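Architecture and fold: a report
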Amino acid sequence: MSDILETPAASAALLKGKRILVAKPGLDGHDVGAKVIALALRDAGAEVIYTGLRKSPGFIARVAVDEDVDAVGLSILSGSHKELVADSIAALAQEGASAIPVFVGGTIPAEDVPALLELGVKAVFTADMKLEDVVAEVAAGLQRDPA
């Protein structure tokens, strides 16, 4: 099977050996986008842990700690992104893992991006972004803030 995308060598080198958790908080049952991102990160050299659908912020934080991840990617399509991101970041802090960078993707209106960044999210990704750009931004974010 061929790789899902051609990743620039620089991004692949930066993601090699990184562990990234991709999670679907809340009740949203659509995970195709999360799986595409997980595959793109994997193809770029990261080890990806995918939690599956409908996980609580507390569960996601516990898995992040147990798996010793370098970053958490939250995929949210339900419209409750501000609440779920705040709860997930708080749960990471309760687990003593507030230094783990959090990335968010999904159906995120542009006007909500500043609020998510203020909560501590490193980057927000939407469906209209190129996979290569998402991978490059995750790689760059991990270099700025190593966990």
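Refer to the structure above for everything that follows.
None of the values given here were measured: they were computed from a predicted structure.

Analysis parameters
Residues numbered from 1 in each chain as written. Predicted model: local features only at pLDDT ≥ 70, side-chain atom pairs only at ≥ 80, totals over all residues. Heavy atoms only, no water. 1 Å grid on protein atoms, 1.4 Å probe; cavity = no way out; pocket = protein on both sides within 12 Å on 5 of 7 lines; lining within 4 Å. Points joined across faces, edges and corners; volume = space filled by probe spheres on them. Helix = DSSP H or I, 4+ residues; strand = E, 2+ residues; numbered from the N terminus. Nonpolar A, V, L, I, M, F, W, Y, C, P; charged D, E, K, R; others polar. Salt bridge = Lys/Arg side-chain N within 4 Å of Asp/Glu carboxyl O. Buried < 20%, exposed > 50% of the residue type's maximum accessible area, 1.4 Å probe, protein only. Contact = heavy atoms within 4.5 Å. Pairing = 2+ DSSP bridges. Right-handed = clockwise from strand over helix to strand, strands pointing away. Axes fitted to C-alpha atoms, helices over the stretch in contact; angles between N-to-C directions.

1. Points about the layout of surface pockets
Volume-wise, the largest pocket comes out at about 410 Å³. In this structure, the largest pocket is lined by 25 residues; those nearest its centre are Gly33, Ile37, Gly105, Gly106 and Phe125. Those elements giving two or more residues to the lining of the largest pocket turn out to be strand S1 (19-23), helix H2 (32-43), strand S3 (71-76), strand S4 (102-106) and helix H6 (131-144). The residue makeup of the lining of the largest pocket, split by class, is 18 nonpolar, seven polar and no charged.

2. Some words on the pattern of salt bridges
Going through the model one piece at a time under the given rule, you end up with eight salt bridges. Taken together, the shared-partner salt bridges in this structure form one network comprising Arg19, Glu47 and Glu67.

3. Here we look at the environment of Gly73
Mapped onto the elements, Gly73 comes out in strand S3. You can call Gly73 buried: its relative accessible area is 15%. In the structure, Gly73 is positioned 39 residues away from Ala34 in sequence and 8.6 Å away in space, judged by C-alpha atoms. Residues in contact with Gly73, not counting those within four places in the same chain, are Leu21, Val22, Ala23 and Phe103.

4. Section: the pairing of S4
For S4, the buried fraction is high: five of the five residues fall into the buried class. One ladder, built from five bridges, connects S3 with S4; its direction is parallel. Bridge pairing in S4 links Ile76 to Gly106. Tracing the backbone out of S3, into helix H4 (residues 81-94) and back to the parallel element S4 gives a crossover that is right-handed.

5. Overview of the sheet that holds S4
Overall, parallel pairing links the five strands, which are arranged S2-S1-S3-S4-S5 in an open sheet. Looking at strand neighbours, the two that pair on one side only are strand S2 (47-50) and strand S5 (123-125), the edges of this open sheet. Between one strand and the next, the sheet's axes are offset by a mean angle of 20°, whatever the strand orientation. Judged from the three bridges that link them, S4 and S5 form a sheet pairing that is parallel. Note that in S5 the partner of Gly105 across the bridge is Phe125. Strands in contact with helix H3 (residues 57-66) are S1, S2 and S3; relative to S1, the strand with the most contacts, it is inclined by about 165°. Against the sheet, H4 contacts S3 and S4, and its axis sits at roughly 155° relative to S3.

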